[in-house]
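# Residue-level structural notes
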2 protein chains.
Amino acid sequence: MTSVKGKAPNRRTVKARETRTRMLDAARQLFVERGYGATTLADVAEAAGVAVQTIYFTFGNKRSLFKEMVDVTIAGDDEPVATMDRDWFRAGIDAPTAPEHLLAHVAGSARVLERVAPIVRTVEQAAGSDPEISGLWPDADPRYTVQSTAARSLMAKPGARPGVSAADAADVLYSILSPELYLLFVRDRGWSPERFEGWAVSTLRAQLCAEN
Amino acid sequence: MTSVKGKAPNRRTVKARETRTRMLDAARQLFVERGYGATTLADVAEAAGVAVQTIYFTFGNKRSLFKEMVDVTIAGDDEPVATMDRDWFRAGIDAPTAPEHLLAHVAGSARVLERVAPIVRTVEQAAGSDPEISGLWPDADPRYTVQSTAARSLMAKPGARPGVSAADAADVLYSILSPELYLLFVRDRGWSPERFEGWAVSTLRAQLCAEN
């Protein structure tokens, strides 16, 4: 958690943020356990130990609470910093060579996948039962946008594999660093997150970097 | 369609089989469009142009109809032949080298994935809404059994990559030849089924076959 620049957060701000985190954690747990439809804001309030009015006041309604839970889970915190402005993403973009970019990018993506994997099915089921849920994320596919930006940078660096277009690289990053593939290895086949990360690095290096 | 050995099917058998196929096609379309819960046997009967009693008589109930639709979609026909006894699977097992086994195995798997991809989400949603649906397939994970059998055969052949265990190979086949990954490339990123097949062959060859 970072504080507002040049100013230490006061006790009231710290307390409000803790309460917010507690509500989001309770929401994540209940949405995953019971599903979106079966979870009420009263359930979340009870689990978080707050009044239901506090939930309404902080998040507005169930859809907004759900969106905030998903966004915070992807980001890892509730700082208003987009994925492509995150330190781990910038470290990749700033790396001098394609193999170094790939290493940083997979490491950062693996941390996101670890957080996101447990909620993937819940999000899909929520979107299936309430069509307006998908509309909460106006970009058609933010995950593709992120991978496509990384691919353009990666394939323009020394050590990138000749003859592979940025578009092809984006498709491969999008699919290999997907929650779906992560779950097949880690949930279904029992691989550790570290083992998946190592596999993703060597698979992607073979396809996107020059032989050496 | 093959006929019973040594005996041409009579007109009545042919007609019954055509009706069965029509009911299963109608069921697939309605289950995918409306979901398992919202589809009634009366809907399926109407779409297939048969009496609802014909559905009951042929399939028993909605769950059995659903199971039969899924099994026939995976197999590509309604012959009672398990995946591992199918010609395409045996062609892989009988191939003399690991690279040749891989080529045959990916080609056969790609045909299965093409058929299965459109119903994957429907099956997941049905299992989510009716826990007994999962119980219709008593094997914990038939897909893993198939890939594991292929992996054991493949890694014992000349041209297999040294140092890769059959268990590791099975995990990689299971994940790369999954409906989930197929959908990411073909549905989300617009790759043709042939392009996915080529990508899967070269990705798997790099990981499971010796360099040459």
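Calculation notes
- Residues numbered from 1 in each chain as written.
- Chains lettered and ligands numbered in written order.
- Predicted model: local features only at pLDDT ≥ 70, side-chain atom pairs only at ≥ 80, totals over all residues.
- Heavy atoms only, no water.
- UniProt positions renumbered as here; feature names shortened; annotations may be inferred.
- Helix = DSSP H or I, 4+ residues; strand = E, 2+ residues; numbered from the N terminus.
- Contact = heavy atoms within 4.5 Å.
- Buried area = accessible area lost by both parts, 1.4 Å probe.
- Salt bridge = Lys/Arg side-chain N within 4 Å of Asp/Glu carboxyl O.
- Polar contact = N/O pair within 3.5 Å; in protein donor to acceptor, adjacent residues only side chain to side chain.
- Nonpolar A, V, L, I, M, F, W, Y, C, P; charged D, E, K, R; others polar.
- Expected span 1.5 Å × (residues − 1).
- Buried < 20%, exposed > 50% of the residue type's maximum accessible area, 1.4 Å probe, protein only.
- Core = buried A, V, L, I, M, F, W, Y, C linked by side-chain atoms within 4.5 Å.
- Least-squares fit on C-alpha atoms with pLDDT ≥ 70 in both.
- Phe/Tyr/Trp six-rings, centres within 6.5 Å; stacked < 30°, edge-to-face > 60°.
- Lys NZ or Arg CZ within 6 Å of the ring centre and 35° of its normal.
- Arc of directions from axis to C-beta.

Going by what an unreviewed UniProt entry lists, chain A is known as DNA-binding transcriptional regulator, AcrR family and is assigned to Asanoa hainanensis.

Moving on, we get to the UniProt feature "DNA-binding region" (unreviewed entry) in chain A. UniProt's feature table lists "DNA-binding region" (unreviewed entry) at residues 40-59 of chain A, given in the numbering used throughout. The span residues 40-59 of chain A shows a helical share of 80% and a strand share of 0%, and its end C-alpha atoms are spaced 13 Å apart.

Counting from both sides, the interface comprises 24 residues of chain A and, opposite them, 24 residues of chain B. When the area that chain A buries against chain B is broken down by residue, the three leading residues are Asp171(A), Leu184(A) and Arg189(A), summing to 26%. Taken together, the links from chain A to chain B amount to 5 salt bridges. Counting across the chain A and chain B interface gives 14 residue pairs in polar contact (both at pLDDT 80 or more). Taken together, the elements giving at least two residues each to the side of chain A that touches chain B come down to helix H7 (120-129), helix H8 (142-155), helix H9 (166-176), helix H10 (179-188) and helix H11 (193-208) of chain A. In terms of residues, the side of chain A that touches chain B owes the most to one element, H9(A), which gives 6 residues. Residue classes in the side of chain A that touches chain B are distributed as 9 nonpolar, 6 polar and 9 charged.

This part covers helix H8 (residues 142-155) of chain B. Counted at 1.5 Å a residue, the expected span for H8(B) with its 14 residues is 20 Å, and the 20 Å between its end C-alpha atoms agrees. Looking at the packing, one finds that the buried side of H8(B) touches helix H5 (87-94), helix H6 (98-116), helix H9 (166-176) and helix H11 (193-208) of chain B.

Time to look at the pattern of salt bridges. If you walk through the whole model with that rule in mind, you get 26 salt bridges over all chains. For Arg111(A), the salt bridge identified is with Glu114(A), shortest N-O distance 3.1 Å. Of this pair, Arg111(A) and Glu114(A) both sit in helix H6 (residues 98-116), 3 residues apart, which is roughly one turn of that helix. Here Asp77(B) ties to Arg86(B) by a salt bridge, and the two come within 2.9 Å at their closest N and O atoms. On the accessibility criterion, Asp77(B) (28% relative accessible area) is partly exposed. Classification of Arg86(B) by relative accessible area gives buried; the value is 12%. When salt bridges that share partners are traced, they join Arg111(A), Glu114(A) and Glu197(A) into one network.

Looking now at the nonpolar core. Most often, soluble globular proteins have nonpolar side chains that are buried together. Among the nonpolar cores identified, the biggest contains 75 residues, and Phe196(A), Trp199(A), Leu204(A), Trp199(B) and Leu204(B) are the most heavily contacted of them. When neighbours within four sequence positions are excluded, Phe196(A) is seen to be in contact with Leu113(A), Ile176(A), Leu181(A), Tyr182(A), Phe185(A), Val186(A) and Trp191(A). In this structure, Ile55(A), Phe66(A), Val70(A) and Ile133(A) belong to the second largest nonpolar core, which totals 23 residues.

Right, let's get into the relation of the copies chain A and chain B. Note on the copies: chain A fits chain B at an RMSD of 0.0 Å, the axial shift is 0.0 Å, and the rotation between them is 180°. Expressed as an axis order, the relation between the two copies is that of a two-fold axis. Taken as a fraction of all interface residues of chain A, those also at the interface in chain B reach 100%, which identifies the copy contact as same-surface.

Our focus in this paragraph is the environment of Thr19(A). Residues and elements named next belong to chain A. Within the secondary structure, Thr19 is located in helix H1 (residues 11-34). In this structure the C-alpha to C-alpha distance between Thr19 and Ala167, which are 148 residues apart in sequence, comes to 43 Å. Only 3.0 Å separates the side chain of Thr19 from the backbone oxygen of Lys15, close enough to count as a polar contact.

Per the stated rule, a full pass over the model turns up 20 aromatic pairs over all chains. Ring geometry for Tyr144(A) versus Tyr174(A): centroids 6.0 Å apart, planes at 75°, classification edge-to-face. You can see Tyr144(A) sitting in helix H8 and its partner Tyr174(A) sitting in helix H9, a full 30 residues away along the chain. The pair Tyr144(A) / Tyr174(A) is uniform in exposure class, with both members buried. An angle of 85° between the planes, with centres 5.1 Å apart, marks the rings of Phe31(B) and Phe66(B) as edge-to-face. Here Phe66(B) lies in helix H4 (residues 62-75) and Phe31(B) lies in helix H1 (residues 11-34), a separation of 35 residues in the sequence. For the pair Phe31(B) and Phe66(B), a shared accessibility class is recorded, and that class is buried. Through a chain of ring-to-ring contacts, three or more aromatic side chains come together here, namely Tyr182(A), Phe185(A), Trp191(A), Phe196(A) and Trp199(A). Over the ring of Tyr144(B) we find Arg189(A); its NZ or CZ atom is 3.4 Å from the centre of that ring.

Residues and elements named next belong to chain A. All of the buried residues in helix H2 (residues 41-48) are Leu41, Val44, Ala45 and Ala48. Buried residues of H2, seen end-on, are gathered within an arc of 100° and therefore sit on one face of the element. Structural note: H2 exposes Glu46 and Ala47 on the side pointing more than 90 degrees away from its buried face. The elements touched by buried residues of H2 are H1, helix H3 (52-59) and helix H4 (62-75). In the segment just after H2, Gly49 is the residue with positive phi, at about 70°.

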